[in-house]
Amino acid sequence: MAKYKDIANDIRSKIMSHEYSYGQKLPYEYVLCMSYHCNKETMKKALDILVKEGLIIRRRGAGTFVKDFDPAMENEMNRSSFGLTSRYEGLKQVTSEIIEFEVVPADDFLGRKLQINVGDFVYHIIRLRMLDEKPFRIDISYMPLSVIPNLKLEHIKGSIYHYIEKNSSFKNSK
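*Asks:* Lay out the environment of Ile148 with the relevant residues and their values.
*Replies:* Among the structural elements, Ile148 can be located in the loop between strand 5 (134-144) and helix 7 (153-156). By relative accessible area, which is 8% here, Ile148 ends up buried. Along the chain, Ile148 and Ile160 lie 12 residues apart, while their C-alpha atoms are 9.9 Å from each other. Excluding residues within four positions of it along the chain, Ile148 makes contact with Tyr123, Met143, Tyr163 and Ile164.

Below, the structure written as structure tokens:
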């Protein structure tokens, strides 16, 4: 395995085990390079993986931080089941009725929650999720365009997670 993937895996493990706590600033890139005995380019590739996975965020002039914790996400990651479609696969038919699908600029609240800049564009998605053609729940999602580019109406009719896994440019970096 490439060294940058090993480094990304190690930092990811430290985040998941809370060695690096949520919201904490990571050591400077130079210090990480020294710790992992690698050059700056290798470290950049490792950190890029974690940025694309949504575990860390880089802020120009401020440093690299572990993103805020979402307990639902950790439970989903631990079960290796990222969404409704995966959870009910083979048990029930999961379908979606799209109520809202638009691109909007992030306000202050969304900027803080998604750890993006105010004004960055996000998808605003509201879907009625159905199990065996019976209403189950309404999902309201906001997703940064910078993380999931080119999301289209046909993609959100099914599993958004499956779309991300199969079609995203960062799928091979996990």
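*Asks:* Describe the pattern of salt bridges, and please don't skip the residues or the numbers.
*Replies:* Where charged atoms from two side chains of opposite charge come close, those side chains can pair. Following the criterion strictly, the structure yields eight salt bridges and no others. Close ionic contact of Glu53 with Arg12 constitutes a salt bridge, the shortest N to O distance being 2.8 Å. Of this pair, Glu53 sits in the loop between helix 3 (40-52) and strand 1 (56-59) while Arg12 sits in helix 1 (residues 3-16); the two residues are 41 residues apart in sequence, bridging distant segments of the chain. By relative accessible area, which is 21% here, Glu53 ends up partly exposed. Connected through shared salt-bridge partners, Arg127, Arg129, Arg137 and Asp139 make up one network.

*Asks:* Tell me about the packing of aromatic side chains, residues and numbers included.
*Replies:* Counted under the stated rule, the structure contains one aromatic pair. Seen from their ring centres, Phe101 and Tyr123 are 5.9 Å apart, and the 15° between their planes marks the pair as stacked. You can see Phe101 sitting in strand 3 (residues 94-105) and its partner Tyr123 sitting in strand 4 (residues 121-131), a full 22 residues away along the chain. Note on Phe101: relative accessible area 26%, which makes it partly exposed. The ring of Tyr4 has Lys45 sitting right over it, with the charged end atom 5.2 Å from the ring centre.

*Asks:* Tell me about the pairing of strand 4, and name the residues and values.
*Replies:* Within strand 4, 10 of the 11 residues are buried, which leaves it mostly tucked inside the rest of the structure. Inspection of the sheet shows strand 3 paired to strand 4 by 11 bridges, in the antiparallel sense. Counted as the bridge partner of Phe101 is Ile125 from strand 4. For strand 4 and strand 5, the ladder comprises 10 bridges, and the chain directions are antiparallel. Note on strand 5: the bridge partner recorded for Val122 is Pro144. What sits between strand 4 and strand 5 in their antiparallel hairpin is a turn of two residues, with Asp132 showing a positive phi close to 50°.

*Asks:* Provide a residue-level description of the confidence of the model for the protein, including the pertinent values.
*Replies:* Chain-level pLDDT for the protein is 83 on average; 87% of the residues reach the 70-or-more range. For the stretch residues 71-81, pLDDT sits under 50, and the model shows 14 contacts to residues farther than four places along the chain or on other chains.

*Asks:* Run through the state of the cysteines, naming residues and quoting values.
*Replies:* For the structure shown, the criterion picks out zero disulfides. Between Cys33, a free cysteine, and Cys38, which holds the nearest cysteine sulfur, the sulfur-to-sulfur gap is 4.4 Å. Residue Cys38 is classed as buried on the basis of its relative accessible area of 15%.

*Asks:* So what's going on with the nonpolar core? Residues and values would help.
*Replies:* Taken as a class, soluble globular proteins show a tendency for nonpolar side chains to be buried jointly. Ranked by size, the top nonpolar core spans 18 residues in total, and within it Ile11 and Met43 carry the most contacts. The set of elements that each furnish at least two residues to this core consists of helix 1, helix 2 (29-36) and helix 3. Sorting elements by how many residues they give to this core places helix 3 first, with five residues. Ranked by size, the runner-up nonpolar core spans nine residues in total, among them Ile125, Met143, Ile156 and Ile160.

*Asks:* Explain the packing of helix 2 against helix 3 to me, using residue names and the numbers behind them.
*Replies:* With their axes 9 Å apart at the nearest point, helix 2 and helix 3 run at an angle of 105° to one another. By the angle between their axes, helix 2 is roughly perpendicular relative to helix 3. Contacts between helix 2 and helix 3 involve Glu29, Leu32, Cys33 and Tyr36 from the first element and Lys40, Met43 and Leu47 from the second. Class assignment of the residues belonging to the contact of helix 2 with helix 3 gives a composition of five nonpolar, no polar and two charged.

Rules behind the numbers
Residues numbered from 1 in each chain as written. Predicted model: local features only at pLDDT ≥ 70, side-chain atom pairs only at ≥ 80, totals over all residues. Heavy atoms only, no water. Helix = DSSP H or I, 4+ residues; strand = E, 2+ residues; numbered from the N terminus. Buried < 20%, exposed > 50% of the residue type's maximum accessible area, 1.4 Å probe, protein only. Contact = heavy atoms within 4.5 Å. Salt bridge = Lys/Arg side-chain N within 4 Å of Asp/Glu carboxyl O. Phe/Tyr/Trp six-rings, centres within 6.5 Å; stacked < 30°, edge-to-face > 60°. Lys NZ or Arg CZ within 6 Å of the ring centre and 35° of its normal. Pairing = 2+ DSSP bridges. pLDDT = per-residue confidence, 0-100. Disulfide = S-S within 2.5 Å. Core = buried A, V, L, I, M, F, W, Y, C linked by side-chain atoms within 4.5 Å. Axes fitted to C-alpha atoms, helices over the stretch in contact; angles between N-to-C directions. Parallel < 35°, antiparallel > 145°, perpendicular 65-115°, else oblique. Nonpolar A, V, L, I, M, F, W, Y, C, P; charged D, E, K, R; others polar.

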